[in-house]
Amino acid sequence: METPSAAAAACCCPRRPLQPPSRLLLLLSLLLSALCLRPGLGLYTVNTVYGDAIILPCHLEVPNDLRFGKWKYEMANKASEFIAFRSATKKTVQYDDVLEYKDRLNLSENYTLSISNARISDEKRFVCMLVTEDNVFEQPTVVKVFKQPSQPEIISRATFLETEQLKTLGECISQDGYPKGNLTWFKNGVVLQPTEEAVINEQTKVNQTTGLYTVISSLEYKPTKDDTNAQFTCSVTYFGPTGQETIRSESVAFDIHYPTEKVKIQVLTERNTIKEGDNITLKCSGNGNPPPQEFFFYIPGEPDPIRSSSLYVLTDVRRNATGEYRCSLTDESLMDSTIITVHYLDLSLTPSGEVIKQIGEALPVSCTISSSRNATVFWMKDNTRMRASPSFSSLQYQDAGNYICETTLQEVEGLKKRQILTLIVEGKPQIKMTKRTSTDGSYKMIACHVEGFPKPAVQWTSSGGVINKTEETKYVNGKFISKIKIAPEENVTLTCIAENQLERTVTSLNVSANDNRENVNDQAKLIVGIVVGLLLAALIAGVAYWLYMKKSKDVNGESQKEAAQNIQTLPRQESYFFMSASKHVDKDLGNIEENKKLEENNHKSEA
């Protein structure tokens, strides 16, 4: 890049007429021209990047009578040095023996000079000279070389920082730049200004071979607890061919050490509540960094604190483990505590297991609960939930079964207790015999109602021997029925025998054909009862009607008269009713007596 001045001129020295050609005069002219140009008068500037080619146009109009062109460079307080020559007549190019530009120069036909592989030492003022027979034309160009520095990097980083202590955080380094760049520190994107908590020192190193700069900035920092996870960066600001630019480093976070200010104890369990038999893990922690590694645990029942890591385990805890648990730093400066409740549930069933009682006996039953909280108790019999607790003042067979008293603490998961009472009610066999004629009169059903436990074995006998053809109902609650069928005309004595481990019971029943007459007598009694009931109902209805008519005498004369007539006729109606009913009863009784006499006569004839 080249930058011309607003007052650019063709040359900086006036034209001087030359004497007749002579080598001496030409050399004097060139010398005067060199003296005419002083440092700092360049009209053009070329900006180039380190390592690139430097292109230097001559910026002079080539005269027709040009004899040759030359390039030289000038440095302050040093003599000018010619580096390239090109003849306009012979078309030849010569390069002066200057070590730093050896094999780096190229002078084109239009007298543009190219210098390869730009270096920092190339920052000079180069002058293009065009020489004619009678004039020397010169134009200077200033060369500026730029080199972008490397990305800044934070090195020599501290492994950790401590609060209230000023410590070297690290060094920010940016290498091989030109011109020298400036380093800046940032915390969370904000510039860190030098203070008592942030001391910044910067140094610069120059490579003697290349002339490039390496800048280093060290930061001493006194952190606070709030600097935990803070992001530190640095940047380098430098000038390039196009102006000022900035490159920032990668961010770095530091481990900030600070003392413990608070201790906390925690109970680590799988459930929200603790019950007997559980394991308890106590965790003690401090909010310092690094966190404390050892603590004192204070356990109920232990006279001295227990030194342990951050975890302490209690196994198979009992109810006496309920209490206050504490932990502290080993210097006992900070402490925390918590209350632990170990829940328990006890159940006592009296009696329990298998119990054998006799029917009619009393059996007191109690289910006692002891728990850390209110417990729910319920009873079950044979897998069916009972509405109330069992109470036995007089045991019956139906009371036998498996009784379960169960209790739970609903707020404590998995805490449940139960006990079982297996009640056996025993009894000697009890027998009651009944007989019944079928509705069609085709047979008689003789039943032996048996009670007892263990279940009695039943046997039927008659005058003819053992009866094997029997029927039995299902044995439920210590009861069942054994049945046999006989012909209605049979006269027989039947015996029912029931026997179990406790006793043998025998009962007999006489069955005769006369059982049918008893049925007839029962029917007569039923008819008489019905008739008497009807008579009583009619009498009550008549009295009610008479009372009603008596109250309505005041309505009018005719009504009274009609009411009197009705009342007079009432006894006649009632007497008629009684007479007809009496006739029907006498008739029925007569029929019954006749039937009875006929049966007795038949019985005598059969005898």
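These figures come from a predicted structure and were not determined experimentally. (Residues numbered from 1 in each chain as written. Predicted model: local features only at pLDDT ≥ 70, side-chain atom pairs only at ≥ 80, totals over all residues. Heavy atoms only, no water.)

Q: Explanation requested: the packing of aromatic side chains in the structure shown.
A: In this description, a pair of aromatic rings is defined by centroid distance and the angle of the planes. In total, this model carries ten aromatic pairs according to the counting rule given. Look at Tyr221 and Phe232: their rings are 5.4 Å apart centre to centre, the planes differ by 75 degrees, and that puts the pair in the edge-to-face class. Taken together, the residues Tyr221 in strand E16 (residues 213–221) and Phe232 in strand E17 (residues 231–240) connect sequence positions eleven residues apart. Residue classification places Phe232 among the buried residues on the basis of a relative accessible area of 0%. An aromatic cluster of at least three residues, connected via ring pairs, comprises Tyr73, Tyr101 and Phe126. Positioned above the aromatic ring of Phe186, the side-chain terminus of Arg248 is 3.9 Å from the ring centre. (Phe/Tyr/Trp six-rings, centres within 6.5 Å; stacked < 30°, edge-to-face > 60°. Helix = DSSP H or I, 4+ residues; strand = E, 2+ residues; numbered from the N terminus. Buried < 20%, exposed > 50% of the residue type's maximum accessible area, 1.4 Å probe, protein only. Lys NZ or Arg CZ within 6 Å of the ring centre and 35° of its normal.)

Q: Just to check I follow, could you spell out the environment of Lys455 for this structure?
A: When you line up the elements, Lys455 lands in the loop between strand E37 (444–453) and strand E38 (457–462). In sequence terms Lys455 and Gln501 are 46 residues apart; their C-alpha atoms lie 9.0 Å from each other. When sequence neighbours within four positions are dropped, the list of residues in contact with Lys455 reads Glu472, Tyr475, Phe480, Glu499 and Asn500. (Contact = heavy atoms within 4.5 Å.)

Q: Please clarify how the side chain of Thr163 should be interpreted in this entry.
A: Along the chain, Thr163 turns up in the loop between strand E11 (161–162) and strand E12 (167–177). Overall, the relative accessible area of 16% leaves Thr163 in the buried class. Here Thr163 is in contact with Pro223, Thr224, Lys225, Ile256, His257, Tyr258 and Pro259, once residues within four sequence places are set aside.

Q: What should I look at first to understand the sheet that holds E38 in this one?
A: The strands making up a sheet associate through backbone hydrogen bonding, with each pair oriented either parallel or antiparallel. Judged by pairing direction, the sheet is antiparallel, and its four strands sit side by side in the order E39-E38-E42-E43 without closing on themselves. Every other strand in the sheet has two partners, leaving strand E39 (465–467) and strand E43 (504–511) as the edge strands with one partner each. Each neighbouring strand pair of the sheet contributes to a mean axis angle of 30 degrees, computed without reference to strand direction. Pairing of strand E42 (residues 492–499) with E43 involves eight bridges; the strand directions are antiparallel. Opposite Ile497, over in E43, you have Val506 as the bridge partner. (Pairing = 2+ DSSP bridges. Axes fitted to C-alpha atoms, helices over the stretch in contact; angles between N-to-C directions.)

Q: Could you clarify how one ought to interpret the pattern of salt bridges in this entry?
A: Side chains that carry opposite charge are capable of pairing whenever their charged atoms lie near each other. Across all of its chains, the model carries 20 salt bridges by this definition. Between Arg125 and Glu74 there is a salt bridge, with the nearest N and O atoms lying 2.5 Å from each other. Placement of Arg125 in strand E8 (residues 125–131) and of Glu74 in strand E3 (residues 68–74) is noted, with a sequence separation of 51 residues between them. Accessibility classification places Arg125 together with Glu74 in one group, the buried group. Here the salt bridges share partners, and the residues they tie into one network are Lys72, Glu74 and Arg125. (Salt bridge = Lys/Arg side-chain N within 4 Å of Asp/Glu carboxyl O.)

Q: Got a minute to help me understand the pairing of strand E41 (residues 479–486) in this structure?
A: Both faces of the sheet carry side chains from a regular strand, because those side chains alternate between them. The side-chain alternation of E41 yields one buried face, formed by Phe480, Ser482, Ile484 and Ile486, and one unburied face, formed by Lys479, Ile481, Lys483 and Lys485. Sheet analysis places strand E40 (residues 471–472) next to E41, joined by two bridges and oriented antiparallel. Following the sheet pairing, Glu472 is matched in E41 by Ser482. Hairpin connection between E40 and E41: a loop of six residues separates the two successive antiparallel strands, and Asn477 in this loop has a positive phi of roughly 55 degrees.

Q: Is there a simple way to explain the state of the cysteines in this structure?
A: In total, this model carries five disulfides according to the counting rule given. The disulfide bridge from Cys172 ends at Cys234, spanning 1.9 Å between sulfur atoms. Taking the sign of the S-S torsion, about 75 degrees here, the bridge from Cys172 to Cys234 comes out right-handed. Here the residue Cys172 occupies a position in strand E12, and Cys234 occupies one in strand E17, the gap between them amounting to 62 residues. Under the relative-accessibility criterion, Cys172 is labelled buried at 0%. There is a disulfide in this structure between Cys367 and Cys405, and the S-S distance comes to 1.9 Å. The S-S bond linking Cys367 to Cys405 shows a torsion near -85 degrees; that makes this disulfide left-handed. Within this pair, whereas Cys367 is found in strand E32 (residues 366–371), its partner Cys405 is found in strand E35 (residues 401–408), the two being separated by 38 residues in sequence. (Disulfide = S-S within 2.5 Å.)

Q: Even after reading the chapter, I still don't get the nonpolar core, so can you show me in this structure?
A: Soluble globular proteins tend to pack their nonpolar side chains together in the buried interior. Core analysis: the largest hydrophobic core is formed by 28 residues, its most contacted members being Leu56, Trp71, Ile83, Leu113 and Phe126. Secondary-structure elements contributing two or more residues to this core are strand E2 (54–56), E3, strand E4 (81–87), strand E6 (105–107), strand E7 (113–115), E8 and strand E9 (136–146). Beyond its immediate chain neighbours, meaning those up to four positions away, Leu113 contacts Ile54, Ile55, Leu56, Trp71, Ile83, Ala84, Leu105, Asn106 and Leu107. Core analysis: the second largest hydrophobic core is formed by 22 residues, Ala158, Leu219, Ala230 and Cys234 among them. (Core = buried A, V, L, I, M, F, W, Y, C linked by side-chain atoms within 4.5 Å.)

Q: Before we go on, may I ask you to explain the environment of Arg119 in this structure?
A: Within the element layout of this structure, Arg119 appears in the loop between E7 and E8. With relative accessibility at 33%, the residue Arg119 sits in the partly exposed group. The spacing of Arg119 and Phe146 is 27 residues in sequence and 9.0 Å in space, taken between C-alpha atoms. Once you skip the residues sitting within four places of it in the chain, Arg119 turns out to touch Tyr50, Glu100, Arg104 and Val145.

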